[in-house]
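Now for the letters of each chain:
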Amino acid sequence: MDKASARDRIQKLRNELHRHNHLYYVEARPEISDFEFDLMMQELETLEKKFPELSDDNSPTRRVGSDISEGFEQHVHEIPMLSLGNTYSREELKDFETRVRKTVSTPVEYVCELKYDGVAISLTYEKGQLVRAITRGDGVVGDVVTANVRTIRSIPLQLSGDGYPERFEIRGEVLMPLEGFRKMNEQRSAAGEQLFANPRNATAGTLKMQNSALVARRPLDCYLYSAAIKDELFNSHFESLNACRRWGFKIPPYSRLVTSMEEVFEFIDHWAEKRSELPFEIDGVVVKVNALAQQKQLGFTAKTPRWAIAYKFKAQQVSTRLRGVVFQVGRTGAVTPVANLDPVQLAGSTVKRASLHNADQIAMLDLREHDQVFVEKGGDIIPKIVGVDKEKRDGASAPVTFISHCPECGTELIRYPGEAAHYCPNVYGCPPQIKERLNHFISRRAMNINAAEATIGQLYNEGLVRGPADLYTLKYEDIIGLERFAKKSSHNLINSIAASREVPFPRVLYALGIRYVGETVARKLATHFGSIDRIRQAGVDELTAVDEIGERIAGSVTTFFQDEANINTVEALKEAGLQLEIRNEEAETGTLLEGKSFVISGTFENFSRDALKEMVASNGGKNLSAVSSKTSYILAGENMGPEKLKKAEALGIPVISEDAFMEMLKG
Ligand code: IVH
């Protein structure tokens, strides 16, 4: 293809991809399958690689971010980012209206909006292209986070429609929807990483990450709520938002145009009750004077506009009595204090326990035995104690102290410098740590051994299993006759353990439960090094040379292999016949797939698309970006919709799974 036709094709693909991206992420009504989307994206990637001079920072291919780390430049806001006057009381809302009426004599309309609980962002567009994204900072100067913001799929990189100003700014809130937040925390928990307390913290942390490729994997979204566009273009705020919606911005559908304070209160009542049904968090409602001429008349105070006010919801809070504090030991040995409370109703559920996080938190609250405490359910998943009702305190009550020794095994606890948590260092002797590690080992995404937590507890208590390798020497005779073990269940367990010998190496590596080695990292390490022995031999330098492996992970891996007990476990697992190397390695420079061509699409359980492509190539096969009559196989991951099947069928191309592909590699 010559450059001129490449330019045409690239432009066409970019426009189409921008349009489908918007249909999917903003309007939630996709017109094409993921597969078709992938194909276009792959074609664009190929062309952009071939003609680097035609590259563009706003190309849809850039949504995946880049791992070139960038410090954040600072940028002065052209229009300062003010905040809003806040109130928790309806009386003050009425006062707000009275003030508005004093200045404005014409009838007033208000726009009621939700107050999104995220991180404010300002986006600048020139000629319809996103050119800059800045955080609020101190309101005058913010951080330039354009590379990170580009990865947020619902933010248009290129506007659609027409009539937008040559250059303008639009502001909104970046947030993390609750479902994505929960999933992300689950993954972090599985990897032994620190959890985010709430979606807002997760959002703020994510926007400030130095590696936009990692940002791209976090489930961020963005709702826009205010366009700084000259008055001549629109008469009202509501109108300007509707225009922004037409240009491709995600403008939330929850806003209402009303003409009285009664209706404002109705809006508030509605969302105070229904806020828990929203897929994201809000902390109140924002009321804005709609007419831009009236806004101008009202103007600003030093810090806030006089034409808008935020009505904040009170955090859902109750008071109850502290029964006592227990200390729980997790898989990584971290000790978490948990408060047992007199049961109390809070935001639709009964609360009996609340997290106290760590020793600092207990000290900060100055918590005493049997205190009357305030419990809140904010953005956090677990309710937390936010304060003590000191007036109700019994003067003689003793302070709650953090334990010095592990409640499970009696070992003295330690606190690493810079960390808030206390740890039980008795990694191999502390029962809950062992049991939790075993539970992680057998979990579905790791070794997928079909046993309940209670079963693991039982096998441990009976002295049959002390580490993962013991599972593989268990015999039917060992377990038949144990409580709850009949013939069938005993056979099932033994069979399920045996079947796990076939689990591919990346998952075995994940199952080992090395701190910070979650599924993604395990896959990276496994495909890069190929075997457990090579990972073990790798030093920090070699490990950090791998894409996305930083010093923290590298340190954790090397520490793991410095421990005799871990080495023994790994050797015993090897002995037991587990997959401790990538299976197709023997065929690395093979000819197994010679003459065959593959189109790889979708997301896969065990390997990344790139890793699979590598396997195709290293076995003599060819990777294609688009389906044609020359394609031998379509290797399809999870997002394979019915349309794709149809397409493949029409051309008579076999569609194969990851497992089938692995079988193929075995020859
Ligand atoms: S309008 C002049 N509308 O709340 C200020 N702000 O304290 C214009 N926020 O920093 C802001 N939802 O990050 C506006 N629908 C909404 C909002 C909203 C959330 C945030 C925003 C701002 C803070 C105000």
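Going by the structure above, here's the rest.
To keep things clear, this report deals only with the structure shown in the data block.

Regarding the overall build of the protein
Reasoning step 1: If you tally the helices and strands in the protein, you get 25 helices and 21 strands.
Reasoning step 2: For the protein, the spread of C-alpha atoms along the principal axes amounts to about 90 × 85 × 45 Å.
Reasoning step 3: Within the protein, the proportion of its 667 residues that are buried is 49%.
Reasoning step 4: Long-range contacts, defined here as pairs at least 24 residues apart, represent 68% of the contacts in the protein between residues at least 6 apart.
Reasoning step 5: Carbon together with sulfur atoms contributes 49% to the accessible area of the protein, which is approximately 32,400 Å² in total.
Reasoning step 6: Distance between charge centres in the protein, computed from 84 positive and 93 negative side chains, equals 2 Å.

Topic: the site of the ligand
Reasoning step 1: Around the ligand, a shell composed of 13 residues is seen, among which Glu113, Leu114, Glu173, Tyr225 and Lys288 lie nearest.
Reasoning step 2: One nitrogen or oxygen atom from the side chain of Lys115 is found 3.2 Å from an oxygen atom belonging to the ligand.
Reasoning step 3: Bound to the protein, the ligand loses 87% of the 530 Å² it would expose on its own.
Reasoning step 4: Judged by its atoms lying within 2 Å of the grid points, the ligand is housed in the second largest pocket.
Reasoning step 5: Among the secondary structure elements, those contributing two or more residues to the shell around the ligand are β3 (110-116) and β10 (282-289).
Reasoning step 6: For the shell around the ligand, the residue count by class is eight nonpolar, one polar and four charged.

Some remarks on the pairing of strand β12 (residues 316-329)
Reasoning step 1: Bridging between β12 and strand β15 (residues 372-377) involves six bridges; their strand directions are antiparallel. Along β15, the bridge assignment pairs Thr320 with Val373.
Reasoning step 2: Across seven bridges, the pairing between β12 and strand β13 (residues 334-346) is antiparallel. Each residue of the ladder has a partner; that of Val329, found in β13, is Val335.
Reasoning step 3: Counted along the chain from β12 to the antiparallel partner β13, the turn is four residues long, and its residue Gly333 has a positive phi close to 90 degrees.

Here's the deal with the packing of aromatic side chains
Reasoning step 1: In this structure the tally under the stated criterion is 22 aromatic pairs.
Reasoning step 2: Ring centres of Tyr125 and Phe168 lie 5.9 Å apart, and the angle between their planes is 20 degrees; on these two criteria the pair is classed as stacked. On the criterion of sequence distance, the pair formed by Tyr125 in strand β4 (residues 119-126) and Phe168 in strand β7 (residues 167-175) is long-range, its members being 43 residues apart.
Reasoning step 3: The exposure class assigned to Tyr125 is buried, which follows from its relative accessible area of 0%.
Reasoning step 4: A residue is classified by how much of its surface remains accessible, and Phe168, at 4% relative accessible area, is buried.
Reasoning step 5: The interplanar angle of 90 degrees and the centroid separation of 5.6 Å between the aromatic rings of Tyr254 and Trp271 together place this pair among those described as edge-to-face.

Considering empty space enclosed by the protein
Reasoning step 1: Following the criterion strictly, the structure yields two cavities of 30 Å³ or more and no others.
Reasoning step 2: Of the pockets and cavities examined, the largest cavity occupies roughly 70 Å³.
Reasoning step 3: Surrounding the largest cavity, Arg445, Pro506, Arg507, Tyr510, Glu519, Arg523, Glu605 and Asn606 form its lining.
Reasoning step 4: For the lining of the largest cavity, the secondary structure elements donating two or more residues are α17 (505-511) and α18 (519-529).

Brief notes about the sheet that holds strand β11 (residues 308-312)
Reasoning step 1: A sheet is described by the order of its strands in space; here five strands give the open sequence β2-β11-β10-β3-β9, paired in mixed fashion. At either end of the open sheet lies a strand with only one pairing partner, and these are β2 (86-87) and β9 (256-258).
Reasoning step 2: Note that β3 and β10 share seven bridges and pair antiparallel. Residue pairing in the sheet places Tyr116 in a bridge with Ile282 of β10.
Reasoning step 3: Each of β2, β3, β10 and β11 touches helix α3 (residues 90-103); the most contacted strand, β11, lies at about 175 degrees to it.
Reasoning step 4: Seen against the sheet, helix α8 (residues 237-246) touches β3, β9 and β10 and runs at an angle of roughly 55 degrees to β3.

Brief notes about the sheet that holds strand β21 (residues 655-656)
Reasoning step 1: If you walk across this open sheet you meet the four strands as β19-β18-β20-β21, and the pairing is parallel. Of all strands in the sheet, those bounded by a partner on one side alone are β19 (622-623) and β21.
Reasoning step 2: Pairing of strand β20 (residues 633-636) with β21, which is carried by two bridges, proceeds in the parallel orientation. In the sheet register, Ile634 faces β21, and the bridge partner there is Val655.
Reasoning step 3: Strands β18 (597-601) and β20 of the sheet are contacted by helix α2 (residues 34-50), whose axis makes an angle of about 115 degrees with β18.

What about the packing of helix α21 (residues 551-562) against helix α22 (residues 564-575)?
Reasoning step 1: The geometry of α21 relative to α22 is characterised by a closest axis approach of 5 Å and an angle of 80 degrees between their N-to-C directions. Classified by the angle their axes make, α21 and α22 are roughly perpendicular. Contacts between α21 and α22 involve Phe560, Phe561 and Gln562 on the former and, on the latter, Glu564, Asn566, Ile567 and Val570.
Reasoning step 2: Looking at side-chain class alone, the contact of α21 with α22 contains four nonpolar, two polar and one charged residues.

Parameters at a glance
- Residues numbered from 1 in each chain as written.
- Predicted model: local features only at pLDDT ≥ 70, side-chain atom pairs only at ≥ 80, totals over all residues.
- Heavy atoms only, no water.
- Helix = DSSP H or I, 4+ residues; strand = E, 2+ residues; numbered from the N terminus.
- Buried < 20%, exposed > 50% of the residue type's maximum accessible area, 1.4 Å probe, protein only.
- Contact = heavy atoms within 4.5 Å.
- Areas by Shrake-Rupley, 256 points an atom, 1.4 Å probe, with all protein chains shown as cover.
- Lys, Arg positive; Asp, Glu negative; His and termini not counted.
- Charge placed at Lys NZ, Arg CZ, Asp CG, Glu CD.
- Near = heavy atom within 4 Å.
- Polar contact = N/O pair within 3.5 Å; in protein donor to acceptor, adjacent residues only side chain to side chain.
- 1 Å grid on protein atoms, 1.4 Å probe; cavity = no way out; pocket = protein on both sides within 12 Å on 5 of 7 lines; lining within 4 Å.
- Sits in = over half its atoms within 2 Å of the grid points.
- Nonpolar A, V, L, I, M, F, W, Y, C, P; charged D, E, K, R; others polar.
- Pairing = 2+ DSSP bridges.
- Phe/Tyr/Trp six-rings, centres within 6.5 Å; stacked < 30°, edge-to-face > 60°.
- Points joined across faces, edges and corners; volume = space filled by probe spheres on them.
- Axes fitted to C-alpha atoms, helices over the stretch in contact; angles between N-to-C directions.
- Parallel < 35°, antiparallel > 145°, perpendicular 65-115°, else oblique.

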